[in-house]
Amino acid sequence: VAAAMAAERGVAMATCTAPVNIAVIKYWGKRDTDLILPINSSLSVTLHQDQLKTITTAAASRDFTEDRLWLNGKEADVGHPRVQACLREVRRLARKRRGGGEDTAALSLSYKIHIASENNFPTAAGLASSAAGYACLVSALARLYGLEEELSEVARRGSGSACRSMFGGFVQWQRGDRPDGTDSLALQVAPETHWPELRVLVLVVSGEKKPVASTAGMQTSVETSPLLKHRAEVVVPERLAQMMQHIRDRDFEGFGQLAMRDSNQFHATCLDTFPPIFYLTDVSRQIIALAHRYNAHHGHTKVAYTFDAGPNAVIFALADTVAEFVEVVRRSFPPATNGDQFVRGLPVGSAALSPELAAAVVTEPVPGAVQYILHTKPGPGPQLVDDPSQHLLGADGLP
């Protein structure tokens, strides 16, 4: 059966976790805003859930009188159109799976549901929380209703990038050609085990809410930026094929260069939007310059940046580069107060910088500009949580 009924109370419950992903070939622009169909394919790296994850519990019971939703402990609007789209799609698939007939062992589709969701990272930190959130919602609902099928298409209805969080490792979101969106789905390019040396540093420069929400920003870009049209039609198809090859070959030089170029072009399309959108800040630009100085000093690409619709930098590097680059960041952006809390996540070794490196790379330190660094790596897709003590809802279906 789908989710075993919690005996006496008759509350069925399922809990899942889901990851954040970071695009290296960017998604920006929809060709259908209702179905969330993109104007171009995209490619991302799924980040490890030990550092960044959403956990979601979905429960159903004949005793619930209405659908309810709690986000990070606070009740939220369950009527949000994208939440409703996911609910509707999962229930539709469950109905289809049962061949229209009501399977007595299966959970009644007429029962109201309660959903509770939490992030193990600050929602405001400009770390793709909607992708993890909707991937997690769909995974928990699917588990509740006993669905096994392709769910990235359902997650896409919540947030476009969420379809990529339905898989671990390296993931492509195919643009698709059909107007109904049935071929716009995510596919795993390679699992997280494919490139064990790859590491990710998230440089959190600000926990501020972004100036222009992605949903609104990208549609303004679609309507006003000729560069975006050129990007989607001409540039991305070629880059996507190149990026998949770099990943297959574990070619960091090629992967890193292309990630930086694609990030820069995405932000150029934001500038080409009218009125223009500025997601990068002075600190973002200082991090970009620092990465280029660091690579130039070493004579090849050792670190690669990418930025989403916000100022936080995501830096890719191989494991043997992490300690030195973290020290470079620490010297370039000396922590204001939290010296001990400056590096979080996976452990980072200590590194001594040669005077030549320090002189060439650390030019003018900007104290306090980077709040903290999160060290992580590629990781797996959504996981089922078996331990009942981890449920976010009690036996009564309330947080």
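Residues numbered from 1 in each chain as written. Predicted model: local features only at pLDDT ≥ 70, side-chain atom pairs only at ≥ 80, totals over all residues. Heavy atoms only, no water.

Per an unreviewed UniProt entry, the protein is named Diphosphomevalonate decarboxylase, and its organism is Hippolais icterina. Recorded under Function (unreviewed entry), the UniProt text for the protein is reproduced unchanged: "Catalyzes the ATP dependent decarboxylation of (R)-5-diphosphomevalonate to form isopentenyl diphosphate (IPP). Functions in the mevalonate (MVA) pathway leading to isopentenyl diphosphate (IPP), a key precursor for the biosynthesis of isoprenoids and sterol synthesis." Quoted verbatim from the Catalytic activity (unreviewed entry) field of the UniProt record, the comment on the protein reads "(R)-5-diphosphomevalonate + ATP = isopentenyl diphosphate + ADP + phosphate + CO2". (UniProt positions renumbered as here; feature names shortened; annotations may be inferred.)

With respect to the helices, strands and loops of the structure, T17 is situated in strand 2 (residues 11–19). The exposure class assigned to T17 is buried, which follows from its relative accessible area of 8%. There is a polar contact of 2.6 Å between the side chain of T17 and the side chain of Q49. Leave out the neighbours within four places in its chain, and T17 touches Q49, K53, T54, I55, C136, P382, Q383 and V385. (Helix = DSSP H or I, 4+ residues; strand = E, 2+ residues; numbered from the N terminus. Buried < 20%, exposed > 50% of the residue type's maximum accessible area, 1.4 Å probe, protein only. Polar contact = N/O pair within 3.5 Å; in protein donor to acceptor, adjacent residues only side chain to side chain. Contact = heavy atoms within 4.5 Å.)

Aromatic ring pairs: the centre-centre distance and the angle between the two ring planes describe each pair. Overall, the coordinates contain 10 aromatic pairs when judged by the stated rule. Aromatic pair Y294 and F325: ring centres 5.0 Å apart, planes at 70°, arrangement edge-to-face. In this pair, Y294 is assigned in helix 7 (residues 282–298) and F325 in helix 8 (residues 319–332), connecting sequence segments 31 residues apart. For the pair shown, Y294 and F325 are each scored as buried. Through pairs of rings, three or more aromatic residues link up here, namely F170, W195, F252, F255 and F316. Of note, R344 hangs over the ring of Y372, and the distance from its end group to the ring centre comes to 3.7 Å. (Phe/Tyr/Trp six-rings, centres within 6.5 Å; stacked < 30°, edge-to-face > 60°. Lys NZ or Arg CZ within 6 Å of the ring centre and 35° of its normal.)

The subject of this paragraph is the sheet that holds strand 13 (residues 198–204). The strands that make up a sheet are held in pairs by hydrogen bonds between backbone atoms, and each pair lies either parallel or antiparallel. Strand order in the open sheet formed by five strands is 14-15-13-17-16, with mixed pairing between adjacent strands. Edge positions in the open sheet fall to strand 14 (303–307) and strand 16 (343–345), since each of these has one partner strand only. Recorded for the sheet is a direction-independent mean angle of 25° between the axes of neighbouring strands. Where strand 14 meets strand 15 (residues 313–318), five bridges bridge the pair, whose relative direction is antiparallel. When the sheet's bridge partners are listed, V303 is paired in strand 15 with A317. In the packing of helix 7 onto the sheet, contacts are made with strand 13, strand 14 and strand 15, and the angle to strand 14 comes to roughly 160°. In this fold helix 8 packs onto strand 13, strand 14, strand 15, strand 16 and strand 17 (372–376), with an angle of close to 140° to the strand it touches most, strand 15. (Pairing = 2+ DSSP bridges. Axes fitted to C-alpha atoms, helices over the stretch in contact; angles between N-to-C directions.)

Right, let's get into the side chain of K302. One can find K302 in the loop between helix 7 and strand 14. For the buried K302, no salt bridge is present, and the opposite-charge side chain at shortest range is D320, 4.8 Å distant. Here the side chain of K302 touches T321 through a polar contact of 3.4 Å, side chain to side chain. Not counting residues up to four positions away in its chain, the partners in contact with K302 are F252, Y294, N295, F316, A317, L318, T321 and E324. (Lys, Arg positive; Asp, Glu negative; His and termini not counted. Salt bridge = Lys/Arg side-chain N within 4 Å of Asp/Glu carboxyl O.)

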